[in-house]
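Architecture at a glance
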Amino acid sequence: MSCDFVSLANPGVQALRPYQPGKPIEELQRELGIEHIVKLASNENPLGPGARAQQAICNHLAELARYPDGAGFALKQALAEKLSVRPSQITLGNGSNDVLNLIGLAFLNPSASAVFSRHAFVVYPIMTQYLGARAIEVPARDWGHDLAAMQAAIADDTRVIFIANPNNPTGTWLGHQALRRFLQQVPEHIVVVLDEAYAEYIHDVDYADGLALQREFANLVVTRTFSKAYGLAGLRAGYALASEQITDILNRVREPFNVNSLAQVAAVAALADDDHLQHSIRLNDDGRRQLEQGLAGFGLSFIPSQGNFICFDTGTDATAVYQKLLQQGVIVRPVVPYGMPHHLRVSIGLAAENDRFLDAMKAVL
C-alpha cells in the first residue's frame with residue numbers, strides 16, 4: 001500500500017487548492033486547434049517590454065552562467081533614486097507575489113491571524129492557510145474594501161492586514177484620506193500591506209499615495225511589480241518598500257538570488273524608459289473606454305476600474321460564458337474563486353484584441 005503523503009503535509013496545505021493562473025494560449029491551441037487566440041486573462045501589458053528593457057536583456061545574455069547579484073544593488077539604487085527612498089527600505093522579489101509571501105513567512109503562524117477583504121487577491125487567503133494562520137475575511141463594500149469593517153475585525157492575534165489598491169479582480173480603489181484614517185486606527189504592531197501592483201495606471205487625484213503613507217506609518221509595507229505597466233511579467237520582478245527594520249526582517253527569509261539577472265537589468269532599464277511607460281498607460285486608458293462602451297452596449301454592468309482590467313457581470317453562469325468565449329478563441333478570467341460566480345475579468349489589450357473580445361461576446365450573447 002502506498003503512503004498517503006497528503007496526510008503528512010502541514011495541516012494548512014492538506015486542504016489547499018493550487019493557485020489557478022489564466023489559461024495559456026498554447027493550452028487552448030492544443031485543446032481546440034484554434035490558430036489565432038487572444039489572451040486577455042492575466043492583466044499583462046499588451047505592448048510587452050520596451051526597447052530599452054529588451055536591449056538590456058540582449059546585452060546581458062553572455063552573463064547567464066553567473067549567479068545574479070543577490071543584493072540587487074543596481075536595481076535598488078535605481079528604485080531608490082526614482083522613488084526617493086533609501087536602498088535599505090527595499091526588498092526585491094520574484095514578482096510582488098514573492099514579497100507578499102516573505103511578509104507572510106515573517107509574520108504569520110498558527111498563533112496569528114490575517115485580515116483581508118472578500119473579493120481581494122486570492123493569494124492572501126492561500127498564504128494565510130498554508131502558513132496555518134487564521135483567516136479573517138471581511139465582507140466587501142461595493143465590491144471593494146470596507147475599511148471600517150476591516151478595522152472592526154482586527155483581533156488580538158492579528159499580525160497582518162492585506163489591502164489591494166487598486167483591488168484585483170474588481171478594480172476598485174481607495175482614496176488617500178480614507179486609507180490614512182484607517183492606518184491611524186490600526187495598532188502599530190500590526191503590519192499593513194498595501195498591494196499596489198496596478199498603481200501606475202491610476203489617474204484619480206484622490207488615490208492613496210502609498211509612498212507618502214509609508215513615510216508616516218512605520219508598520220506600512222507597500223508592494224509593487226514590474227509585471228504590469230512595465231511589461232515584464234515573464235521575468236518576474238517585484239519589490240516591497242518598508243521601514244528599515246521590517247525590510248531587514250523580510251531579507252532574513254528571502255531566498256538567495258530570488259530575482260534573476262535578466263529581470264534585474266530589464267527592470268533597471270524599464271525604470272528609465274518613461275516614454276514606454278506613458279505609452280502603456282495611454283493605451284490602457286483608451287482600451288478601458290473601448291471595453292466599457294462595448295460592455296455597456298451589450299447591456300452588461302461592470303465595476304468601474306482603475307487597473308488594466310475590467311470585471312463585468314455576465315448576468316448568468318460566468319463559467320458557461322467563459323467556456324463559450326474559449327470556443328471563439330478568446331481567453332478571459334473566471335473569478336468564481338473570488339466569490340463572484342456571475343462575473344468575468346477581462347484584461348485590457350490592444351485595440352484589435354479588445355475588438356476581438358467584443359465580437360466574441362456578441363456571438364456568445
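Quantities reported herein were computed from a predicted structural model and do not represent experimental measurements.

Concerning the packing of aromatic side chains
Under the definition given, this model contains seven aromatic pairs. Considering the side-chain rings of Phe 226 and Tyr 230, the 5.1 Å spacing of their centres and the 50° angle between planes classify their relative orientation as tilted. Taking the relative accessible area as the measure of exposure, Phe 226 reaches 1% and is therefore buried. Across from the ring centre of Phe 309, 5.8 Å away, lies the NZ or CZ of Arg 345, which sits over that ring.

Structural notes on the layout of surface pockets
The computed volume of the largest pocket comes to approximately 690 Å³. Taken together, 29 residues line the largest pocket, and the ones lying closest to its centre are Pro 18, Gln 20, Val 122, Pro 337 and Tyr 338. Listed by contribution, the elements that provide at least two residues to the lining of the largest pocket are strand S3 (113-117), helix H7 (123-130), helix H14 (318-327) and strand S12 (333-334). Among the elements that take part in the lining of the largest pocket, H7 stands out by supplying three residues, more than any other.

Re the sheet that holds strand S9 (residues 302-303)
The strand order across the open sheet formed by four strands is S9-S10-S13-S12, and the pairing between neighbours is antiparallel. Looking at the sheet topology across the chains shown, the edges are occupied by S9 and S12. Here S12 runs beside strand S13 (residues 343-347); their pairing, made up of two bridges, is antiparallel. Residue pairing across strands places Pro 334 opposite Leu 344, the latter belonging to S13. Strand contacts of helix H13 (residues 274-297): S9, strand S10 (309-313) and S13, with the helix running at about 10° to S10, the strand carrying the most contacts.

A look at the sheet that holds S3
One open sheet accounts for seven strands, arranged S2-S8-S7-S6-S5-S3-S4; its pairing is mixed. In the strand order of this sheet, the two ends are held by strand S2 (90-93) and strand S4 (134-138), each with one partner. Strand after strand, the sheet turns through a mean of 20° between neighbouring axes, direction not considered. Note: strand S5 (residues 158-164) against strand S6 (residues 191-195), five bridges, orientation parallel. Residue pairing across strands places Ile 161 opposite Val 192, the latter belonging to S6. On top of the sheet, helix H6 (residues 96-107) reaches S2, S5, S6, strand S7 (220-225) and strand S8 (238-241); it is set at about 150° to S7, its chief contact. Of the strands in this sheet, S2, S6, S7 and S8 touch helix H11 (residues 244-253), which is tilted by about 30° from S2.

A look at the nonpolar core
Among the nonpolar cores identified, the biggest contains 53 residues, and Leu 79, Ile 161, Ile 163, Leu 179, Phe 182 and Phe 226 are the most heavily contacted of them. Among the elements that make up this core, the one with the highest residue count is helix H12 (residues 261-271) (six residues). Ignoring any residue separated from it by four or fewer positions in sequence, one finds Leu 79 in contact with Ser 84, Val 85, Ile 90, Leu 92, Phe 226, Tyr 239 and Leu 271. Counting residues in hydrophobic clusters, the runner-up holds 33 residues, among them Phe 116, Val 160, Val 221 and Tyr 338.

How each quantity is defined
Residues numbered from 1 in each chain as written. Predicted model: local features only at pLDDT ≥ 70, side-chain atom pairs only at ≥ 80, totals over all residues. Heavy atoms only, no water. Phe/Tyr/Trp six-rings, centres within 6.5 Å; stacked < 30°, edge-to-face > 60°. Buried < 20%, exposed > 50% of the residue type's maximum accessible area, 1.4 Å probe, protein only. Lys NZ or Arg CZ within 6 Å of the ring centre and 35° of its normal. 1 Å grid on protein atoms, 1.4 Å probe; cavity = no way out; pocket = protein on both sides within 12 Å on 5 of 7 lines; lining within 4 Å. Points joined across faces, edges and corners; volume = space filled by probe spheres on them. Helix = DSSP H or I, 4+ residues; strand = E, 2+ residues; numbered from the N terminus. Pairing = 2+ DSSP bridges. Contact = heavy atoms within 4.5 Å. Axes fitted to C-alpha atoms, helices over the stretch in contact; angles between N-to-C directions. Core = buried A, V, L, I, M, F, W, Y, C linked by side-chain atoms within 4.5 Å.

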